[in-house]
Amino acid sequence: MKGLEDKYMTEHDERQIRDALRQSFPPVKTELRKDLWPDVLRKLDHHPVRVPWYDWALVGLSAAMFLAFPRLVLVFAYHL
């Protein structure tokens, strides 16, 4: 049977593994290169929001259902 020293990794082995991992993976840069918010605003201003026809159909159907069945508003309010 092998001894306890063979079963567990020694501190020297852990240090070698840690050093090898540090050499193979470069440090991660966590800082942003630039502020992204102006780009987001520019993109939002550039592309107008277009609503597809089926969204309007769903809004119309929902309004018709609420007019036809007023208690349905309470059911939806309960589930919110």
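Residues numbered from 1 in each chain as written. Predicted model: local features only at pLDDT ≥ 70, side-chain atom pairs only at ≥ 80, totals over all residues. Heavy atoms only, no water.

### Some thoughts on the pattern of salt bridges
And step 1. All chains considered together, the criterion is met by two salt bridges.
And step 2. Here Asp39 and Lys34 are joined by a salt bridge, their closest N and O atoms 3.3 Å apart.
And step 3. Overall, Asp39 belongs to the partly exposed group, its relative accessible area being 28%.
And step 4. Look at Lys34 and you get exposed, because its relative accessible area is 52%. (Salt bridge = Lys/Arg side-chain N within 4 Å of Asp/Glu carboxyl O. Buried < 20%, exposed > 50% of the residue type's maximum accessible area, 1.4 Å probe, protein only.)

### Concerning the confidence of the model for the protein chain
And step 1. Averaged over the protein chain, the pLDDT score is 84; the fraction of residues at 70 or greater is 89%.
And step 2. Predicted confidence in the protein chain is weakest over helix H1 (residues 4-7), with a mean pLDDT of 55, and strongest over helix H4 (residues 53-68), with 95. (pLDDT = per-residue confidence, 0-100. Helix = DSSP H or I, 4+ residues; strand = E, 2+ residues; numbered from the N terminus.)

### Some details on the packing of aromatic side chains
And step 1. Evaluated as defined, the whole model comprises two aromatic pairs.
And step 2. Residues Trp53 and Tyr54 carry aromatic rings whose centres are separated by 5.7 Å and whose planes lie at 80 degrees to one another, so their mutual orientation is edge-to-face.
And step 3. The exposure class of Tyr54 is partly exposed, given its relative accessible area of 47%. (Phe/Tyr/Trp six-rings, centres within 6.5 Å; stacked < 30°, edge-to-face > 60°.)

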